[in-house]
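# Structural characterization, general
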Amino acid sequence: MRLTKGTDIALRIAMRLAVLEGQNPTTREVAAAVDVPYTHAAKVVSRLQHLGVVEARRGSGGGLTLTTAGRTGSLGQLVRDLEGVGDVVGCEDDPPCPLRAACRLRGALRTAQEAFFQSLDPLSIEQLVAPPTGPVLLALSARPSD
């Protein structure tokens, strides 16, 4: 299973924010540090805000912070929320798969997908940034982005 680009960016942003406790970087700064275009990062930050993972404040003293729920919540649930519900394969695409009425593959892939999410359930962003990852994230220097 491959995560969408948006989920990948969201997880990188959340991890970066987790190690910047007490700092409130801007979306542009975080985008540069995790090497993603600002426009993509802005969309992802908006989604993370909606999910209650990130707080964003404008103006002087503003910036991004990871919420307690974002820091300690289930990684599996976060990935489920970011990925949305859907099949791993496009059984109902246009044109739909001719096997869809009697196919066992769809159910097997759905079971595998849930097993993937369940393996992430006990983890949190906070656990992901424990050493050696946290220090590497802190060492990332902001590079100019789009």
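Residues numbered from 1 in each chain as written. Predicted model: local features only at pLDDT ≥ 70, side-chain atom pairs only at ≥ 80, totals over all residues. Heavy atoms only, no water.

Within an unreviewed UniProt entry, the label attached to the protein reads Rrf2 family nitric oxide-sensitive transcriptional repressor, and the organism entered is Kitasatospora kifunensis. Recorded in UniProt for the protein, the comment headed Cofactor (unreviewed entry) runs: "[2Fe-2S] cluster". (UniProt positions renumbered as here; feature names shortened; annotations may be inferred.)

## Notes on the overall build of the protein
Looking only at helices and strands, the protein has eight helices and two strands in total. When its helices and strands are written in sequence order, the protein yields α-α-α-β-β-α-α-α-α-α. Principal-axis analysis of the C-alpha atoms gives the protein an extent of 60 × 30 × 25 Å. Scored against the burial criterion, the 146 residues of the protein give a buried share of 34%. For the protein, long-range pairs separated by at least 24 residues make up 70% of all intrachain contacts whose partners lie at least 6 apart in sequence. Only carbon and sulfur atoms are counted for the fraction: they give 55% of the accessible area of the protein, which is about 8700 Å². Separation of charge centres in the protein, based on 16 positive and 15 negative side chains, amounts to 2 Å. (Helix = DSSP H or I, 4+ residues; strand = E, 2+ residues; numbered from the N terminus. Buried < 20%, exposed > 50% of the residue type's maximum accessible area, 1.4 Å probe, protein only. Contact = heavy atoms within 4.5 Å. Areas by Shrake-Rupley, 256 points an atom, 1.4 Å probe, with all protein chains shown as cover. Lys, Arg positive; Asp, Glu negative; His and termini not counted. Charge placed at Lys NZ, Arg CZ, Asp CG, Glu CD.)

## Some remarks on the pattern of salt bridges
A full pass over the atoms with the stated rule returns five salt bridges. In this structure, Arg-57 engages Glu-55 in a salt bridge whose closest nitrogen and oxygen atoms are separated by 3.6 Å. Looking at Arg-57, the relative accessible area reads 37%, which means it is partly exposed. The closest approach of N and O atoms between Arg-106 and Glu-92, which form a salt bridge, is 3.2 Å. Here the residue Arg-106 occupies a position in helix H6 (residues 105-120), and Glu-92 occupies one in the loop between helix H5 (75-83) and H6, the gap between them amounting to 14 residues. Residues joined by salt bridges that share partners form a network here, namely Arg-80, Glu-114 and Asp-121. (Salt bridge = Lys/Arg side-chain N within 4 Å of Asp/Glu carboxyl O.)

## Considerations on the pairing of strand S2 (residues 63-66)
Because side chains alternate across S2, one face comprises the buried residues Gly-63 and Thr-65, and the other comprises Leu-64 and Leu-66, equally buried. Sheet topology places strand S1 (residues 54-57) next to S2; four bridges connect them, and they run antiparallel. Bridge pairing in S2 places Glu-55 opposite Thr-65. Once S1 ends, the chain turns through five residues before running back antiparallel as S2, passing Gly-59 with a positive phi of about 85 degrees. (Pairing = 2+ DSSP bridges.)

## A short note on the packing of aromatic side chains
For any pair of aromatic rings, the description consists of the separation of the ring centres together with the inter-plane angle of the planes. Under the definition given, this model contains one aromatic pair. Over the ring of Tyr-38 we find Arg-28; its NZ or CZ atom is 3.9 Å from the centre of that ring. (Phe/Tyr/Trp six-rings, centres within 6.5 Å; stacked < 30°, edge-to-face > 60°. Lys NZ or Arg CZ within 6 Å of the ring centre and 35° of its normal.)

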